[in-house]
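# Understanding the architecture of this molecule
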Amino acid sequence: MVNHLSYKASDGQNINLSIYSPINTFNCKTIILVHGFKGFKDWGFGPYTAKFFAENGFFVLSFNFSHNGIGENTTEFTEFDKFAANTFSREIRELNEVINSIRNGNYSIPRDTKIYLLGHSRGGGISLLTAPFRNDIAGVSVWASVATFDRYSERQKIEWRKKGAFEVMNMRTKQVFKLNATLLDDLENNHEKLNIESAVKNLNKPLLIIHGDQDLAVPIKEAEQIFEWADKSKTEFHKINGAGHTFDIVHPFEGSNPKFDEALNLAKIFFNK
């Protein structure tokens, strides 16, 4: 069963959520799916992933960050001004507020549920930066996660400041997205807060790293870097042979494949442990 809800963040911004409930709730575990850059909860593998874990006994909460560019149309970008104004710090705050909303009993999910984060790409980085500071997060899995948010050259930053915005292309839709200089300000003014290396070294929770060895968007060397920083006694690292950034899943969703099934099953085993 799935319920689609809305939640008001502390600044009044709207966060759309989907709650997937299992038929059997014996294990009382919850997975929060954290989407990445140019991602959203209903992108490609999102609903399929949520249904998979719900069918395997988990509550699943997926949500859209308020400034991810998705509005009333749940599968296409329409809110470009919000997308441009988004920041990493905003996403960390909003993820924390979503977790708090579960603990406050706002949904059908039990308040005492064990909560796990599953973040893809940039969402992996946001998850890693959030989890060390919360005792109520039981573990984290990151798929194709970034190891740093500082992904821009000095020349790009200078042009960004000069123009006031940085342009990126959505290769699927051929839409041009703008990122305001506020994102660069966030990166430079909150360097310690946004330091994924420091977060991983202080995680002190079970961590599952899954990455495709043919990922062109986030090279597998970033997963290797995260694993190097991590506590090996609490960390698993699995490479998916031949898989790209989205494990060869497309949007609109056209079905799963053996590479993505491998990622799902590895995560299921991890969360069940």
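Structure: see above.
Attention in this report is confined to the structure presented alongside it.

Cut-off values and rules
- As a convention, each chain's residues are numbered from 1 in the sequence order in which they are written.
- Local features in a predicted model are, by the rule used here, given only for residues with pLDDT of at least 70; side-chain atom pairs are given and counted only at 80 or more, and totals for whole chains, interfaces and linings are based on all residues.
- Each side-chain value is derived from all of the structure's non-hydrogen atoms; neither hydrogens nor water enter the calculation.
- Throughout this description, the term nonpolar core refers to a set of buried Ala, Val, Leu, Ile, Met, Phe, Trp, Tyr and Cys residues connected via side-chain atoms within 4.5 Å.
- Each residue is placed in one exposure class: buried if its accessible area under a 1.4 Å probe, protein chains only, is under 20% of its type's maximum, exposed if it is over 50%, and partly exposed if it falls in between.
- Only DSSP runs of H or I with at least four residues qualify as helices, and only runs of E with at least two residues qualify as strands; both kinds are numbered from the N terminus onward.
- Only heavy atoms enter the contact rule, under which two residues are in contact if any of them lie within 4.5 Å.
- Pairing of aromatic rings covers Phe, Tyr and Trp, the last through its six-membered ring, and needs centres within 6.5 Å; plane angles under 30 degrees mean stacked, over 60 mean edge-to-face, and all others mean tilted.
- Should a side-chain nitrogen of Lys or Arg be within 4 Å of a carboxyl oxygen of Asp or Glu, the pair is scored as a salt bridge.
- The axes used here are C-alpha line fits, helices contributing only the stretch in contact, and every angle between their N-to-C directions lies in the interval 0 to 180 degrees.
- The cut-offs work like this: below 35 degrees is roughly parallel, past 145 is roughly antiparallel, 65 to 115 is roughly perpendicular, and the gaps in between are oblique.
- Rotating anticlockwise by less than a right angle from the far helix to the near helix defines a left-handed crossing, while the corresponding clockwise rotation defines a right-handed one.
- Gly is put with the polar residues, along with every residue not named as nonpolar or charged; the nonpolar set is Ala, Val, Leu, Ile, Met, Phe, Trp, Tyr, Cys and Pro, and the charged set is Asp, Glu, Lys and Arg.

### Details of the nonpolar core
- With 85 residues, the main nonpolar core has Ile32, Phe53, Leu61 and Phe63 as its most contacted residues.
- Broken down by element, this core gets its largest block of residues, seven residues, from helix 9 (residues 258-272).
- Ignoring any residue separated from it by four or fewer positions in sequence, one finds phenylalanine 53 in contact with Ile31, Phe58, Val60, Leu118, Leu264, Ala267, Lys268 and Phe271.

### Examining helix 4 (residues 122-130)
- For helix 4, the tally of buried residues reaches nine of nine residues, placing the bulk of the element in the interior.
- What helix 4 keeps buried is the set Arg122, Gly123, Gly124, Gly125, Ile126, Ser127, Leu128, Leu129 and Thr130.

### Focus: unusual backbone geometry
- A cis amide bond links histidine 251 with the next residue in sequence, proline 252, at an omega value of 0 degrees.
- The topology assignment puts proline 252 in the loop between strand 10 (235-240) and helix 9.
- One non-glycine residue with positive phi stands out, namely serine 121, at about 60 degrees.
- At aspartate 248, a position not held by glycine, the phi torsion is positive, near 65 degrees.
- By the element assignment, aspartate 248 lies in the loop between strand 10 and helix 9.
- A relative accessible area of 38% places aspartate 248 in the partly exposed class.

### Focus on the packing of aromatic side chains
- One pass over the full model with this rule turns up 26 aromatic pairs.
- With 4.3 Å between their ring centres and 5 degrees between their planes, phenylalanine 88 and phenylalanine 149 make a pair best called stacked. Highlighted residues: phenylalanine 88 in helix 3 (residues 88-103) and phenylalanine 149 in the loop between strand 6 (137-143) and helix 5 (154-163), separated in sequence by 61 residues. The pair phenylalanine 88 / phenylalanine 149 is uniform in exposure class, with both members buried.
- A centroid spacing of 5.0 Å and a plane angle of 35 degrees characterise the contact between tryptophan 160 and phenylalanine 166, whose relative ring orientation is tilted.
- The exposure class of tryptophan 160 is buried, given its relative accessible area of 1%.

### Here's the deal with the pattern of salt bridges
- Under the definition given, this model contains 21 salt bridges.
- For arginine 90, the salt bridge identified is with aspartate 11, shortest N-O distance 2.9 Å. Of the two residues, arginine 90 is situated in helix 3 and aspartate 11 in the loop between strand 1 (2-8) and strand 2 (14-20); the sequence distance between them amounts to 79 residues.
- A single salt-bridge network, built from bridges that share partners, covers Asp11, Arg90, Arg93, Glu94 and Glu97.

### Here's the deal with the packing of helix 1 (residues 46-55) against helix 9
- As a packed pair, helix 1 and helix 9 sit with axes 11 Å apart at the nearest point and diverge in direction by 40 degrees. Of the possible angle classes, the one that applies to helix 1 and helix 9 is oblique. Considering the relative orientation of helix 1 and helix 9, their crossing is right-handed. Facing Tyr48, Thr49, Phe52 and Phe53 of helix 1, the residues of helix 9 in contact are Phe260, Asp261, Leu264, Asn265, Ala267, Lys268 and Phe271.
- Residue classes in the contact of helix 1 with helix 9 are distributed as seven nonpolar, two polar and two charged.

Any functional reading would require information beyond the geometric quantities listed.
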